[in-house]
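Residue-level listing of the chains:
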Amino acid sequence: TGHAIPHMEEVRSLVAAAHLKLCPGVPLVGWDVALTREAGVCLLEANLSCNFFRASFDEDAYFDFVARVVCKLERPVTQ
């Protein structure tokens with residue numbers, strides 16, 4: 001549309017820092033961010049099962065991560 005998204009560098013910095021702190025072992029996360037008048041740039045949520053918008057990503061690393069997580073989820077919990 002010819003319009004630039006304001007505060008894009010701040011958005012990028014926020015989600016990069018959140019990713020490193022909250023889920024460093026996850027290869028791909030969709031982050032929802034709001035730009036507000038009252039509070040500025042706000043991180044809303046992480047989407048761990050986001051669609052990939054046909055973007056390129058390291059598929060081998062992602063599928064390896066998913067396989068490891070699913071294996072852990074399938075293990076019985078021991079007391």
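Above this note sits the structure.
Residues numbered from 1 in each chain as written. Predicted model: local features only at pLDDT ≥ 70, side-chain atom pairs only at ≥ 80, totals over all residues. Heavy atoms only, no water.

J.: Before we go on, may I ask you to explain the overall build of the protein chain in this structure?
T.: The helix and strand inventory of the protein chain stands at two helices and two strands. Ordering the α and β elements of the protein chain from the N terminus gives α-β-β-α. Taken across its 79 residues, the protein chain has 18% of its residues classed as buried. Once local pairs closer than 6 in sequence are excluded, the contacts in the protein chain between residues at least 24 apart make up 32%. (Helix = DSSP H or I, 4+ residues; strand = E, 2+ residues; numbered from the N terminus. Buried < 20%, exposed > 50% of the residue type's maximum accessible area, 1.4 Å probe, protein only. Contact = heavy atoms within 4.5 Å.)

J.: Teacher, can you tell me more about helix H1 (residues 8–22) here?
T.: Owing to its 3.6 residues per turn, the α-helix brings residues three or four apart onto one side. Taking 1.5 Å per residue as the helical rise, H1 with its 15 residues ought to reach 21 Å, and the 21 Å between its terminal C-alpha atoms agrees with that figure. Here H1 has its buried residues at Val11, Val15, Ala18 and His19. Taken down its axis, H1 places every buried residue within 100° of arc, on the same side. Across from the buried face of H1, at angles greater than 90 degrees, the exposed residues are Leu20 and Lys21. Close packing links the buried residues of H1 with strand E1 (30–36) and strand E2 (40–47). (Expected span 1.5 Å × (residues − 1). Arc of directions from axis to C-beta.)

J.: It is not clear to me how the pattern of salt bridges should be interpreted in this structure. Could you clarify?
T.: Oppositely charged side chains can form a pair if their charged atoms are brought close together. Here the structure, examined in full by the defined rule, presents two salt bridges. Here Arg12 ties to Glu9 by a salt bridge, and the two come within 3.0 Å at their closest N and O atoms. One end of the pair is Arg12 and the other is Glu9, both in helix H1 and three residues apart, which spans about a single turn. With a shortest N-O distance of 3.0 Å, Arg68 and Asp64 are connected by a salt bridge. Placement of both Arg68 and Asp64 in helix H2 (residues 59–74) is noted, with a separation of four residues, approximately one turn of the helix. Overall, Arg68 belongs to the partly exposed group, its relative accessible area being 45%. Since its relative accessible area comes to 40%, Asp64 is described here as partly exposed. (Salt bridge = Lys/Arg side-chain N within 4 Å of Asp/Glu carboxyl O.)

The quantities given are spatial measurements derived from coordinates; they are silent on function.
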